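The residues making up each chain are set out below.
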Amino acid sequence: MLILSLDTSTAACSVALHKDGTLVGCYELFTERTSAAMLTTLIDNVVQHSGFTLSQLDAIAVAKGPGSYTGLRIGVSTAKGLCFALDKPLLAINTLAGMAEQVRAHYPANYLLCPMIDARRMEVYCALFEASGQEISPTSAQIIDEQSFSNWLAKNTVVFFGDGAEKCRAILGHTPTAIFPEQLIIPSARTIGKLATVAFETGKFEDVVTFEPFYLKDFMTNKPKKAIL
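The shown structure was predicted, so the numbers you read here are calculated from the model rather than taken from an experiment.

1. Things to note about the domain arrangement of the protein chain
Consideration 1: Domain boundaries in the protein chain define domain 1 (2-95 + 186-202) and domain 2 (96-179).
Consideration 2: For domain 1 versus domain 2, the separation of C-alpha centres amounts to 25 Å.
Consideration 3: Taken together, the contacts link 14 residues of domain 1 with nine residues of domain 2.
Consideration 4: Roughly 1000 Å² is buried in total at the junction of domain 1 and domain 2, and carbon and sulfur atoms are behind 58% of that figure.
Consideration 5: On the domain 1 side of the contact with domain 2, Pro66, Asn94 and Thr191 bury the most area, a combined 39% of that side's loss.
Consideration 6: Applying the counting criterion to the domain 1 and domain 2 interface returns one salt bridge.

2. Some remarks on the pairing of strand β9 (residues 158-161)
Consideration 1: Where burial is concerned, the two faces of β9 agree: the one with Val158 and Phe160 and the one with Val159 and Phe161 are both buried.
Consideration 2: The pairing of strand β6 (residues 112-118) with β9 spans four bridges and is classified as parallel. Bridge pairing in β9 links Cys114 to Phe160.
Consideration 3: Relative to strand β10 (residues 178-179), β9 is paired through two bridges, and the arrangement is parallel. Within the sheet, the bridge partner assigned to Val158 lies in β10 and is Ala178.
Consideration 4: For the crossover that starts at β9, traverses helix α5 (residues 165-172) and ends in the parallel β10, the hand is right-handed.

3. Description of helix α3 (residues 95-103)
Consideration 1: Among the nine residues in α3, nine count as buried, and that is most of the element.
Consideration 2: Of the positions making up α3, those classed as buried are Thr95, Leu96, Ala97, Gly98, Met99, Ala100, Glu101, Gln102 and Val103.

4. Focus: the side chain of Ser148
Consideration 1: Position of Ser148 relative to the elements: it lies in the loop between β8 (135-143) and α4 (150-153).
Consideration 2: A polar atom in the side chain of Ser148 sits 2.8 Å from the backbone nitrogen of Asp145.

5. Notes on the sheet that holds β9
Across a sheet, paired strands are connected by hydrogen bonds in the backbone, their directions being either parallel or antiparallel.
Consideration 1: With respect to topology, five strands assemble into an open sheet ordered β8-β7-β6-β9-β10, the strand pairing being mixed. Across the chains shown, the open sheet's two edge strands, defined by having one partner strand only, are β8 and β10.
Consideration 2: Docked against the sheet, α3 engages β6, β7 (123-130), β8 and β9, running at close to 130° with respect to β6.

6. Focus: the sheet that holds strand β4 (residues 59-65)
Consideration 1: Here five strands make up an open sheet; going across it, the order is β3-β2-β1-β4-β5 and the pairing mixed. Here the strands that pair on one side only, and so sit at the sheet edges, are β3 (22-29) and β5 (90-94). The sheet shows a mean angle of 20° between the axes of neighbouring strands, taken without regard to direction.
Consideration 2: Sheet topology places strand β1 (residues 2-7) next to strand β2 (residues 13-19); six bridges connect them, and they run antiparallel. Of the residues in β2, the one forming a bridge with Ser5 is Ala16.
Consideration 3: Helix α2 (residues 69-86) rests against β1, β4 and β5 of the sheet, and its axis sits at about 160° to β4.
Consideration 4: Strands β1, β2, β3, β4 and β5 of the sheet are contacted by helix α6 (residues 189-201), whose axis makes an angle of about 135° with β1.

7. Structural notes on the pattern of salt bridges
If the charged atoms of two oppositely charged side chains come close together, the side chains can form a pair.
Consideration 1: This model, assessed by the stated rule, comprises six salt bridges.
Consideration 2: Close ionic contact of Arg190 with Glu28 constitutes a salt bridge, the shortest N to O distance being 3.2 Å. Of the two residues, Arg190 sits in helix α6 while Glu28 sits in strand β3, which places them 162 residues apart along the sequence.
Consideration 3: Glu28 sits in the partly exposed class, given a relative accessible area of 28%.
Consideration 4: Between Glu166 and Arg169 there is a salt bridge, with the nearest N and O atoms lying 3.0 Å from each other. Here Arg169 and Glu166 lie together in helix α5, a separation of three residues that amounts to about one turn.
Consideration 5: It is possible to trace a salt-bridge network through shared partners that takes in Glu101, Arg104 and Lys194.

Here is what the cut-offs are and how they apply
Residues numbered from 1 in each chain as written. Predicted model: local features only at pLDDT ≥ 70, side-chain atom pairs only at ≥ 80, totals over all residues. Heavy atoms only, no water. Domains from an automatic or database assignment. Contact = heavy atoms within 4.5 Å. Buried area = accessible area lost by both parts, 1.4 Å probe. Salt bridge = Lys/Arg side-chain N within 4 Å of Asp/Glu carboxyl O. Buried < 20%, exposed > 50% of the residue type's maximum accessible area, 1.4 Å probe, protein only. Helix = DSSP H or I, 4+ residues; strand = E, 2+ residues; numbered from the N terminus. Pairing = 2+ DSSP bridges. Right-handed = clockwise from strand over helix to strand, strands pointing away. Polar contact = N/O pair within 3.5 Å; in protein donor to acceptor, adjacent residues only side chain to side chain. Axes fitted to C-alpha atoms, helices over the stretch in contact; angles between N-to-C directions.

Below is the structure:
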């Protein structure tokens, strides 16, 4: 089983190749606006440098969101294009689930994990997972205030991480049961591919024609100011 995975949910851009669930190659870039320019190059490199060809792939996996509107469009359109061109199935993994997979082995089994992606102002995209990886509170857009996660924090230790966690730290950092790791956790194709292996084995494929990114919210733009005549 050979799965190519893409993650362009945020400013970072990553591609990974997993064979039978084991990571065999990964390229990651952490500079602004790299997805559109470099994604195809990274795909070619990770496949070729790992000793395979695109025709040998069994599936294409993509981080479906939430995240950057532009980044998600680029990643999903690239994944769908590969699926059509190579006649391969599509797998889609929640970006936040992939983030939780990065850290869950580092915390006790009774801790809860809350990956966060920065949205706008005091808003974040987040979800809650058990340390086993099981989602217990679905992906949502949350405006952070003093009451955020109070029900969970009253009975559990919660680890907040990701680039949206800084907003939460400023308000909830004093709470004894709130943990904020110093290391920044960025979405990565490494764990998207790991979760995609499980999705492949259980037949959780997407319809390549109709699949769309998980934007979570409608795209918003600032209204142009009226010209002064």
